[in-house]
Amino acid sequence: MAGVTDYTFRRLIKRRGGVGLVVSEFISVEGLTRHNPKSKRQMHFAEEERPFAVQIFGGQPERMALGAEMAQEVGADILDVNCGCPAPKVVRNGGGSGLLRDLPRLETILKEIKKTITIPLTLKLRTGFSESTINVVEVAKMAEQCGVEHIQVHGRTKEQGYKGLANWDLIKQVKEAVTVPVSGNGDITTIEYGIERWKESGTDGILIGRGAMQNPWIFRQFQDVIEGRKPYQPDLSEKKAVLLEFFGMCREEMPEIVALGKMKQLAGQFTKGLIGGAQFRQTLYHSHSAEEILDNITIYFNTLAADSNYGDGMVEADAAASDSCDMFASGGDVSTSVAAV
Ligand SMILES: Cc1cc2nc3c(=O)[nH]c(=O)nc-3n(C[C@H](O)[C@H](O)[C@H](O)COP(=O)(O)O)c2cc1C
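Being a predicted model, the structure only gives us computed values, none of them experimental.

**Some points on the pattern of salt bridges**
- For the structure on display, the rule yields 23 salt bridges.
- E49 is the partner of R10 in a salt bridge, and the nearest nitrogen-oxygen pair spans 2.4 Å. Of this pair, R10 sits in helix α1 (residues 7–14) while E49 sits in the loop between α3 (37–42) and β2 (52–57); the two residues are 39 residues apart in sequence, bridging distant segments of the chain.
- A residue is classified by how much of its surface remains accessible, and R10, at 3% relative accessible area, is buried.
- Note that K115 and E112 form a salt bridge whose closest N and O atoms lie 2.9 Å from each other. Taken together, the residues K115 and E112, both in helix α6 (residues 103–116) and three residues apart, mark about one turn of the helix.
- By relative accessible area, which is 27% here, E112 ends up partly exposed.
- A single salt-bridge network, built from bridges that share partners, covers R15, R16, E48 and E245.

**Focus: the site of the ligand**
- Near the ligand you find 15 residues, and of these A2, Q55, N185, D187 and R210 are the closest.
- Taking K124, its side chain carries an N or O atom lying 2.9 Å from an oxygen atom of the ligand.
- Within the backbone of G209, a nitrogen or oxygen atom sits 2.8 Å from an oxygen atom of the ligand.
- Starting from 610 Å² of accessible surface for the ligand in isolation, the protein chains cover 85%.
- For the shell around the ligand, the residue count by class is six nonpolar, six polar and three charged.

**Quick notes on the side chain of R10**
- Within polar-contact distance, the side chain of R10 engages the backbone oxygen of H44 at 3.0 Å.
- Non-local contacts of R10, meaning those with residues more than four positions away in its chain, are made with T5, V22, V23, S24, E25, H44, F45, E49 and F52.

**Section: the nonpolar core**
- In this structure, I56, L79, L110, I113 and F222 are the most contacted members of the largest nonpolar core, which totals 89 residues.
- For this core, the element with the highest residue contribution is helix α12 (residues 236–253), accounting for seven residues.
- When near neighbours in sequence (up to four residues on either side) are disregarded, I56 contacts I27, V29, L32, M64, G67, A68, L79, D80, V81, N82 and I113.
- In this structure, L21, V23, A339 and V341 belong to the second largest nonpolar core, which totals seven residues.

Cut-offs used in this document
Residues numbered from 1 in each chain as written. Predicted model: local features only at pLDDT ≥ 70, side-chain atom pairs only at ≥ 80, totals over all residues. Heavy atoms only, no water. Salt bridge = Lys/Arg side-chain N within 4 Å of Asp/Glu carboxyl O. Helix = DSSP H or I, 4+ residues; strand = E, 2+ residues; numbered from the N terminus. Buried < 20%, exposed > 50% of the residue type's maximum accessible area, 1.4 Å probe, protein only. Near = heavy atom within 4 Å. Polar contact = N/O pair within 3.5 Å; in protein donor to acceptor, adjacent residues only side chain to side chain. Areas by Shrake-Rupley, 256 points an atom, 1.4 Å probe, with all protein chains shown as cover. Nonpolar A, V, L, I, M, F, W, Y, C, P; charged D, E, K, R; others polar. Contact = heavy atoms within 4.5 Å. Core = buried A, V, L, I, M, F, W, Y, C linked by side-chain atoms within 4.5 Å.

In short, geometric facts, not functional conclusions.
Printed below as a string of structure tokens:
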């Protein structure tokens, strides 16, 4: 996720366990191949993140191939091509979901990249440009012919943006149409929903985006359920510790002002559904220094701990995750991987 799955966030998530694969933010090949410092920084990763996929975007085949080569050179394990971003600036330049309505260009891009790299090439798709031009099955078949080794489908069209729900029937159709592994993506924020979609679609894996910001343990919980255990439930002190860990990493790795923004972004998602979360978010948004943020975190978690309603720290979503353990144990054979995108 652009602006989210940077070096800092990816390690935070990876350290919680259960993550099959982490993927970089999408990186502009126009920036990368012109040695733009931001694009280069976005490719930076740590050994603890492996396997690590770099995702690139762009509309020019030569630049895409060059960008892919650069990702391979820095040691990425997988090269992923973005064919889903709906941002007007990206689409206007022929990249992201713009490629969904220019298949000859996409085909050239994939073939040029394949000629250039030896690491696996994967493709992230939306279901089509618009409701009336859904073509994800056709695109997936073409991509397979070009040598793409894994296809990920976010079950929405470009025009849908993030509205409505992802269409997992279309994801299932892709899985049935190609022989390479297919992963599904869209709206998985609970273990229960994720396992249902995974099983029903028959896909090889699932991708989780926004859900990882709300619950960094979601991958570990999936792994627990897949392996027949009750999903791990972090207690309050661990929830507090993860926020502090993230803030500490941000402060070490970026300017203070950026670190404050990142912290507010994560805390905004992380406290969704927590008792008093809305009030806490307001307090954080109005904090102007690291000290204020740290004080507010301490006050919030102390209040929660003192609140007997909170009990063992479980909120509704956690309880549902716990129940889904039994549901999965009774006959699932889904065993591939859960990735952070
Ligand atoms: C803030 C944000 C940034 C995103 N950036 C990217 C990106 O760079 N590359 C990509 O393939 N998808 C990107 N996505 C889409 C997600 O990877 C994912 O496909 C989508 O959010 C649906 O999955 P989810 O419901 O699990 O979040 C982004 C989504 C969000 C919310």
